[in-house]
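If you want the building blocks of each chain, they are given just below.
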Amino acid sequence: MSSTTRLTVAQALVRFLSVQYTERDGLRHRLIAGTWGIFGHGNVAGIGQALLEAGEDAMPFHQGRNEQAMVHAAVGHARQLNRLSAQAVTTSIGPGATNLVTGAALATINRLPVLLLPGDYFATRAADPLLQQLEHPTEADVSVNDTLRPVSRYFDRIHRPEALIPAALQAMRVLADPAETGAVTLALPQDVQAEAYDWPEEFFAERVWRVRRPAPDPLELAEAVRAILGAARPLIVAGGGVHHSEAEEALKAFANATGIPVTSTQAGKGSLRHDHPADVGGIGHTGTAVADDLARTADLVIGVGTRYSDFTTASGTLFQNPDVRFLNLNITSFDAHKLAARTVVCDARAGLEALASALGGHRVNAAYEAEYRAGKERWEREVTRAFEAADENAVPTQTQLLGALEAVVGDEDVVINAAGSLPGDLHKLWRARSPRQYHLEYGYSCMGYEIPAAIGVQQATPDTPVWALVGDGTYLMMPTELVTAVQEGLPINLVLIQNHGYASIGGLSESVGGERFGTAYRYRAADGTFSGAPLPVDLAANAASLGMDVLRAKTVRELREALATARASDRPTCVYVETDTATPTAPPAEAWWDVPVAETASREAAVAARKEYDRQAAARRTHL
């Protein structure tokens with residue numbers, strides 16, 4: 001008989017997690033690098049006691065302030081390390097558990113691993129109902145944790161100690177599998193957490209989960225080669241899978257060999273350095289003029305590691321060539337088959353290397369290369385125009401702020417954003433200089449992601465300068481983890497932009513006939529609308545009260561100086577700036593985005609917006 005060790009379920013789980021590893025290309029990482037937690041009665045005597053007993057060497061513990069934010073931090077960590085390492089998040093029963101749902105959805109939508117360990121009801125029902133327990137009148141085994149089922153890639157509730165063994169192994173399999181990964185939930189009834197069991201020693205043996213690089217199927221590869229050889233105007237759409245696979249050099253070699261231009265999604269930006277001759281920038285609603293012009297005339301679209309969101313396809317209106325076809329390299333069959341594409345289901349790096357070899361020196365027509373390179377040069381002039389400030393003593397616009405930041409950051413810096421008007425400006429204008437510099441969460445576009453994600457990135461790569469870019473709307477959603485950065489001595493940089501409301505949604509509202517209703521942060525006026533004076537909220541003072549060093553900048557010159565000071569600091573630092581929202585400097589959208597407009601309305605703005613909507617929607621195509 002094998003020897004056993006008597007531990008509680010929580011103690012056994014923590015010990016098990018401490019010896020799980022991933023390995024790819026001969027490099028090993030801890031699969032669960034640490035655990036975030038906020039303790040309550042649902043986990044304090046279980047997972048909390050187990051973490052204390054295990055110690056920091058076995059399982060580092062990170063104290064959070066908001067459960068959703070803890071998941072965001074874990075996601076930022078996982079993305080920075082190419083999904084090869086994850087973190088766990090433990091919460092109590094009830095509101096702590098339901099606060100995980102938004103973060104879990106973000107992780108799963110973005111195909112990023114995180115392990116969730118919420119407390120749950122008593123499995124024995126010895127105490128029923130518990131404090132914070134949901135009582136369902138017809139399904140007694142349902143708890144609030146069941147809200148995590150649709151946003152988790154794997155879910156289990158551990159009703160008995162011995163059930164942990166298969167559940168934990170399945171959880172690690174999903175977290176480490178690039179084709180399946182996302183949020184994984186093990187719901188832990190609080191009495192079971194504290195229950196002792198005789199565990200087989202084999203359960204605590206070191207395990208290495210090898211992250212595969214599946215090669216293309218020969219028949220799929222041959223069809224892909226025929227499609228590329230037959231295309232006059234091929235175009236690559238690089239998605240986040242290029243980064244996750246560490247396929248940037250393979251993509252560069254492929255572009256060098258074939259001359260095929262490369263566009264990028266929000267997740268894929270930086271797949272090529274911005275000054276590579278084949279890099280034509282972002283694609284879709286927030287894309288560059290040159291990329292979207294190429295997309296409209298492309299006869300073959302080669303998607304590499306992309307899931308083709310509506311922003312990428314301009315809601316089905318972008319790819320207008322009547323003969324356009326799609327070829328998708330993706331590690332998941334689900335994404336590879338989108339847009340009725342020819343498929344190459346494989347690892348991005350393996351697929352690009354195999355394609356380059358099989359194409360045998362094939363290159364696009366020289367006239368096509370000259371065309372897109374000229375378009376790239378024209379767009380570079382647009383970027384320069386948007387970034388430059390004629391008056392250094394003027395209040396900066398948002399794009400001038402990005403220009404000032406670009407001048408300060410190094411190639412190794414990471415710039416993080418997720419929501420508001422910044423993603424559009426960044427996707428169009430930011431000149432990414434390294435694979436990890438551009439960190440946009442635009443699968444869920446979750447306000448509040450940026451600050452905790454910056455913490456996760458800093459934890460993953462401690463010597464990396466990290467910038468969280470947020471507007472006032474996002475800041476007010478979730479500034480809580482600034483306290484965590486201060487507590488841990490993590491020198492993240494926060495760029496806090498005051499524009500007195502939801503700037504992005506205000507602009508969208510105006511374009512769809514909503515007349516910016518409910519989007520300004522202002523006092524109520526006499527007519528009942530929020531159109532009075534701006535609210536006297538001092539967000540810089542708030543950041544300072546949470547322990548940040550704060551630098552206020554009123555002009556372009558002061559902004560440049562503040563950003564440089566922040567980057568040189570070894571303390572968490574906030575650069576606060578109020579931007580000029582009246583002077584338009586960002587290029588307009590180069591492609592449509594479908595936000596349905598009221599079909600009937602009495603207000604003139606909505607009537608006019610519906611006419612424009614009908615005009616744009618007429619261009620939508622179904623690619624079969």
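Here, the structure is the one placed above.
What you see as residue numbers is a count from 1 along each chain, following the sequence as written. Local features are withheld for residues below a pLDDT of 70 in this predicted model, meaning they are given only at 70 or higher, and side-chain atom pairs are given and counted only at 80 or more; totals for whole chains, interfaces and linings count all residues. The basis for every side-chain value is the complete set of non-hydrogen atoms in the structure, without hydrogens or water.

Remarks on the packing of aromatic side chains
This is how it is decided: Only rings of Phe, Tyr and Trp enter the pairing, Trp through its six-membered ring, and a pair is recorded when the two centres are within 6.5 Å. The plane angle decides the type: under 30 degrees is stacked, over 60 is edge-to-face, the rest tilted. Sitting over a ring, as applied to charges here, requires NZ of Lys or CZ of Arg to be within 6 Å of the ring centre and within 35 degrees of the ring normal.
Scanning the entire structure with this criterion turns up 12 aromatic pairs. With a centroid separation of 5.3 Å and 85 degrees between ring planes, the pair formed by Phe319 and Phe326 is classed as edge-to-face. Taken together, the ring pairs in this structure connect Phe16, Tyr197, Trp199, Phe203 and Phe204 into an aromatic cluster. Cation over ring: Arg28 sits above Tyr21, and NZ or CZ is 5.7 Å from the ring centre. Positioned above the aromatic ring of Tyr576, the side-chain terminus of Arg552 is 5.7 Å from the ring centre.

Considerations on the pattern of salt bridges
Definition in use: Any carboxyl oxygen of Asp or Glu that lies within 4 Å of a side-chain nitrogen of Lys or Arg is treated as forming a salt bridge with it. Working definition: helices are DSSP H or I runs of at least four residues, strands are E runs of at least two. Numbering for both runs from the N terminus.
According to the stated counting rule, one finds 36 salt bridges in the structure shown. In this structure, Asp549 and Arg571 form a salt bridge, with 3.0 Å as the shortest nitrogen-oxygen distance. In this pair, Asp549 sits in strand β22 (residues 549-553) while Arg571 sits in the loop between α23 (556-568) and β23 (573-578), placing the two residues 22 residues apart along the sequence. Connected through salt bridges with shared partners, the residues Glu23, Arg28, Glu206 and Arg210 form a single ionic network.

Quick word on the pairing of strand β16 (residues 325-330)
The test is simple: Relative accessibility decides the category of a residue: with a 1.4 Å probe and only protein chains considered, values under 20% of the type maximum give buried, values over 50% give exposed, and everything between is partly exposed. The pairing criterion is simple: DSSP has to find at least two bridges between the two strands.
Counted residue by residue, β16 has 5 buried out of 6 residues, so it is predominantly covered. Across 5 bridges, the pairing between strand β15 (residues 300-304) and β16 is parallel. Looking at the pairing, Val301 lines up with Phe326 of β16. Here β16 pairs with strand β17 (residues 342-345) via 4 bridges, running parallel. From the neighbouring strand, Asn328 faces β17, where its bridge partner is Thr343.

With respect to the sheet that holds strand β6 (residues 86-91)
The condition is simple: To get an axis, fit a line to the C-alpha atoms, keeping to the stretch in contact for a helix; angles then go from 0 to 180 degrees between the N-to-C directions.
Taken in spatial order, the 6 strands line up as β5-β4-β6-β7-β9-β8 in an open sheet, and their pairing is parallel. Edge positions in the sheet fall to β5 (61-63) and β8 (154-157), since each of these pairs with one other strand and no more. Averaged over all adjacent pairs, the angle separating strand axes in this sheet is 20 degrees, with direction ignored. Across 5 bridges, strand β7 (residues 114-120) lies against strand β9 (residues 183-189) in parallel orientation. Counterpart to Val114 in the pairing with β9 is Ala183.

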